Amino acid sequence: MDDIERLSEKAFPNGDIYSGDFKALLPNGKGKYKWSDGTIYEGDWEEGKMTGKGQIIWPKGAKYEGDFSGGYLHGFGTFTIPEGSFYSGAWRMNVQHGIGRKQYSNFDTYEGSWNEGVHEGCGRYCWHGGNTYIGHWKAGKMSGRGVMKWVNGDLFDGLWLNGFRHGSGTYRFADGGYYIGTWSRDQKDGKGTFYPAGSKHPTLNKSSRSLGYEDGKNFLSHNLSLNSEEGRAPTQSVKCSPSEKISIGGIFKNTGQKSHNSSLLDKNQNLCDPARDFTCHESSGMSSHTSDEGQHEVHDNNTLVYEREYLQGILIKERVRKYAELTCKTKQHKTFNVKKAIRSSCLDIFKGNRSYYLMLNLQLGIRYTVGKITPVPMRAVRYSDFGDRARIRMYFPRKGSQFTPPHYSIDFHWKDYCPMVFRNLREMFKLDAAEYMMSMCGDDGLRELASPGKSGSIFYLSHDDRFVIKTLKKSELKVLLKMLPKYYEHVKEHENTLITKFFGLHRITLRGGRKVRFVVMGNMFCTELRVHRHYDLKGSSIGRVTNKDKIDQTTTLKDLDLSYEFHMDKLLRESLLQQIHLDCKFLESQQIIDYSLLLGVHLRAPEQNTLLETDAISQGELMIPPTRPVLVNHEPNILSKTPGPHSRGNVLRAYSLGDKEVDLLLPGTGRFRVQLGVNMPAQAHCKPRHDEADSEVELFDVYDVVLFMGIIDILQEYNVKKKLEHACKSLRHDPLKISVVEPKLYAKRFNDFLLNTVFPDLS
């Protein structure tokens, strides 16, 4: 302390003035610093930098009082500006970061988690008119699970994205009615159920009580405590040493602005505190439709409920049912799901946490394999790359080894098949090794899906939806390895092939010798567009129908459920059917049968009110926005970014634009590259239906649609035993179909069905 020097005042050449303690000619201890522009800091110093407690006042009246570190606002403090805005909470490197409360100059308030100056995590935003949102935020916008309540009594509890209702949710009207369904960019989009006033769904409140979130404040405080330690983003370097000017505009991010989310809401709607009405369901955001036997409300079983379907806010289908019918349907559906889950558990050993361990093992193995094969210089695939010796093997003990890291899963042996072949396939589809590993092995992990078919396989989906991982039977693995050389050549020759894209083939062996085989495939439905219909089409009528009472948003429908035929541009149709023919010839040459066309349909509303100014089409001096999807000349520089590189090859040409390459312009959404099986525009014409015995009403006959498709289930090899099984089954239903189990006839039937029934020729 002997070197501490106390001076009454010291003036710097640039006009700054400091009074207080010094150490080695630097401010140290208590002191007051006044910049030449009038900015004043008074508080603690350490070796020439503001560190400790202090207060800083700017010439225009803005003030900060709180913690400093190394010349930065860092710790806990309160920032106030004369216009009425203030923030009190955590800071990091001059920006709000952590837990804090802010009141904006227009009297909006936000209380919750911040990240680098913007709302991120869990928080509550109250608009000055009364509207309140409690839930999750990302990059300053409502994203994730949250509850919005308007002062008129309406309430929405569900998923949000970029400030819009987007995903599953429940809308409760002030009169007590409910709508449970899905939204897309703030508009109803997809299937849902409307319960009129007097028939509200009581399980919503019960589920919130059972999870302990009956009080929204409890939810908020719980999540804030979890988020307070989240993330350490890169910091902004702003020096704040003596003789350097501190600028309020240069230091703070968004400190005087209100959240951009408020602009997304109707100013005329008002919202009050939703704490006691906050409900919390499972992380998926889906509200259960099952009845509650212990409910206190009394329901009239004759009360009508409405099963509806919307497209971008337009009602397209409605089915009126009695409450009792819906309750019965839901119970049956629940029972069916349980049985299906039991039957589909092809790996009985994976109960409880075992499936989670399996996922961890898969991620560890893929990370090891990709890391090992990527540094190898790129070269052409050789014959030996398909052989029995083309394998990577490694043992992963839980404690780690010389070659493997320690992990929290169970011990396992890893085997990777034909690594160089799949490495080249990933290169063909422009998959960067680092991006591939981040998608498959990132911290967000994989999501387990219910099996969409009768195969009994376990399915995982990467967190960014780009890849599907499926367990294989030993026979399916053998088929894939056998066809792999020809498959590689086919993919290399036909860059627009619709056959499933394979990116990796692996095997995990657990203690006791149990083996689990995996294949990694591209997800053809990785798109920012909502896929409203999923079809698995084989061109058969035997068992190809789905029970109506078991259909929900995620159901994959079958041939007899297809109520549309799709009309598309002449050249687009020719290109599509030609590639399907080539792909079927390849499968025929490999003696493959029982494959399907997986068809995804994005329907556009008959009337589109949400338009982007950039979507306008010039007609003379007027800019008239399109009201429906249109094909325009290909301009790669202004396309929407493709979410997944699983499609490659040339842009398609359209007859309607004079045999030119085209993009698809979707009003209110963006501009997309048209390729085979990806972003293909068409018109869906509803087929006449005479078997409707209920009150379901289809409100429109024609829809503009965007199609996504691919040929899947290609690992079922033809054999005599399978032919006899098909023959016996077919004989009971239709003797004329016995012969179609042969690969050549199966391919012909498949092609004819698509040619004549799904994509008929308009000419």
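In this text, all values refer to a predicted model and were calculated from it rather than measured experimentally.

Focus on the overall build of the protein
1) Next: A count of helical and extended segments in the protein gives eleven helices and 40 strands.
2) Next: In the protein, buried positions account for 51% of the 763 residues.

Considering the sheet that holds strand β27 (residues 515-522)
1) Next: One open sheet holds the seven strands; their spatial order is β21-β22-β26-β27-β25-β24-β23, and the pairing between them is antiparallel. Both outer strands of the open sheet, β21 (391-396) and β23 (446-449), are each paired with one neighbouring strand and no more. In this sheet, adjacent strand axes meet at a mean angle of 25° when their direction is disregarded.
2) Next: Running over the sheet, helix α6 (residues 419-428) touches β21, β22 (412-417) and β26 (502-510) and is turned about 145° from β26.

Some remarks on the pattern of salt bridges
1) Next: All chains considered together, the criterion is met by 22 salt bridges.
2) Next: Salt-bridge contacts for Arg391 lead to Asp388; the nearest nitrogen and oxygen are separated by 3.8 Å.
3) Next: Judged by relative accessible area, Asp388 falls into the exposed class, the value being 65%.
4) Next: The closest approach of N and O atoms between Asp663 and Arg671, which form a salt bridge, is 3.1 Å.
5) Next: Assessed through its relative accessible area of 11%, Arg671 is described here as buried.
6) Next: Counted as one network, the salt bridges with shared partners bring together Glu307, Arg319 and Arg321.

So, helix α7 (residues 433-441)
1) Next: Of the positions making up α7, those classed as buried are Tyr436, Ser439, Met440 and Cys441. The arc that holds every buried residue of α7, seen down its axis, measures 165°, which confines them to one face.
2) Next: A distance of 3.0 Å separates the backbone nitrogen of Ala434 from a side-chain oxygen at the start of α7, and that oxygen is part of Asp432.

Concerning helix α8 (residues 474-493)
Counting along an α-helix, one turn takes 3.6 residues, and residues three or four places apart therefore face a common direction.
1) Next: The end-to-end C-alpha distance of α8, which contains 20 residues, comes to 29 Å, matching closely the 28 Å that a straight helix rising 1.5 Å per residue would cover.
2) Next: Residue Leu484 marks the point of greatest curvature in α8, where the axis turns by about 55°; the proline Pro485 follows within four residues.
3) Next: Turning to α8, its buried residues number three or more, namely Glu476, Leu477, Val479, Leu480, Met483, Leu484, Tyr487, Tyr488, His490 and Val491.
4) Next: The inward-facing, buried residues of α8 contact β22, α6, β25 (467-472), β26, β27 and α9 (570-589).

Examining the confidence of the model for the protein
1) Next: Averaged over all residues, the pLDDT of the protein equals 77, while 72% of them reach at least 70.
2) Next: Here residues 205-299 is a poorly scored stretch, pLDDT under 50, and it has 232 contacts once near neighbours within four places are set aside; other chains count.
3) Next: Note that pLDDT drops below 50 for residues 733-738; the model gives that stretch eight contacts with residues more than four away or on any other chain.

Describing the packing of aromatic side chains
1) Next: All chains considered together, the criterion is met by 43 aromatic pairs.
2) Next: Judged by centre distance (6.3 Å) and plane angle (90°), the ring pair of Tyr564 and Tyr703 falls under edge-to-face. Here Tyr564 is found in strand β30 (residues 564-567), whereas its partner Tyr703 is found in strand β40 (residues 702-712), with 139 residues between them in sequence.
3) Next: On the basis of relative accessibility, which here comes to 1%, the residue Tyr564 falls in the buried class.
4) Next: Across from the ring centre of Tyr179, 5.4 Å away, lies the NZ or CZ of Lys188, which sits over that ring.
5) Next: In this structure, Lys570 is placed above the aromatic ring of Tyr655, and the distance from its NZ or CZ to the ring centre is 5.2 Å.

A short note on the sheet that holds β30
1) Next: Strand order across the open sheet formed by six strands is β29-β28-β31-β40-β38-β30, with mixed pairing between neighbours. Because the sheet does not close on itself, it has two edges, and the strands there are β29 (556-557) and β30.
2) Next: Here four bridges tie β30 to strand β38 (residues 680-686), and the two strands are oriented antiparallel to one another. Bridge assignment links Tyr564 to a residue of β38, and that residue is Cys686.

Notes on the packing of α8 against α9
1) Next: Between α8 and α9, the shortest axis-to-axis distance is 11 Å and the interhelical angle comes to 160°. Our classification of the angle between α8 and α9 gives roughly antiparallel. By crossing handedness, the relation of α8 to α9 is classed as right-handed. In this structure, α8 uses Met483, Lys486, Tyr487 and His490 to contact α9, whose residues at the interface are Gln579, Leu582, Asp583 and Phe586.

Remarks on the side chain of Arg533
1) Next: With respect to the helices, strands and loops of the structure, Arg533 is situated in strand β28 (residues 533-537).
2) Next: Of the residues examined, Arg533 reaches a relative accessible area of 5% and is grouped as buried.
3) Next: Within the local environment of Arg533, its side chain forms a polar contact with the side chain of Glu309, the two groups lying 2.3 Å apart.
4) Next: Once residues within four sequence positions are removed from consideration, Arg533 is found in contact with Lys191, Glu309, Ile316, Lys317, Leu557, Tyr564, Leu599, Gly600, Val601 and Leu603.

Here's the deal with the pairing of strand β36 (residues 660-666)
1) Next: Burial analysis of β36 places five of its seven residues in the buried class, which makes it a mostly covered element.
2) Next: Relative to β36, strand β34 (residues 630-633) runs antiparallel, the two being bridged by four bridges. When the bridges of β36 are listed, Leu631 appears paired with Leu664.
3) Next: The sheet contact formed by strand β35 (residues 653-654) and β36 spans two bridges and is antiparallel. Within the sheet, the bridge partner assigned to Arg653 lies in β36 and is Glu661.
4) Next: Counted between consecutive antiparallel strands, the loop separating β35 from β36 contains five residues, among which Gly658 sits at a positive phi close to 75°.
5) Next: Of the pairings in the sheet, the one linking β36 to strand β37 (residues 670-673) comprises four bridges and is antiparallel in character. When the sheet's bridge partners are listed, Leu664 is paired in β37 with Phe672.
6) Next: The loop that links β36 with its antiparallel partner β37 comprises three residues; one of these, Gly668, has a positive phi angle of about 80°.

About the thresholds
Residues numbered from 1 in each chain as written. Predicted model: local features only at pLDDT ≥ 70, side-chain atom pairs only at ≥ 80, totals over all residues. Heavy atoms only, no water. Helix = DSSP H or I, 4+ residues; strand = E, 2+ residues; numbered from the N terminus. Buried < 20%, exposed > 50% of the residue type's maximum accessible area, 1.4 Å probe, protein only. Pairing = 2+ DSSP bridges. Axes fitted to C-alpha atoms, helices over the stretch in contact; angles between N-to-C directions. Contact = heavy atoms within 4.5 Å. Salt bridge = Lys/Arg side-chain N within 4 Å of Asp/Glu carboxyl O. Arc of directions from axis to C-beta. Polar contact = N/O pair within 3.5 Å; in protein donor to acceptor, adjacent residues only side chain to side chain. Expected span 1.5 Å × (residues − 1). Bend = angle between axes of the 7 residues up to and from the residue. pLDDT = per-residue confidence, 0-100. Phe/Tyr/Trp six-rings, centres within 6.5 Å; stacked < 30°, edge-to-face > 60°. Lys NZ or Arg CZ within 6 Å of the ring centre and 35° of its normal. Parallel < 35°, antiparallel > 145°, perpendicular 65-115°, else oblique. Left-handed = near helix turned anticlockwise from the far one by under 90°.

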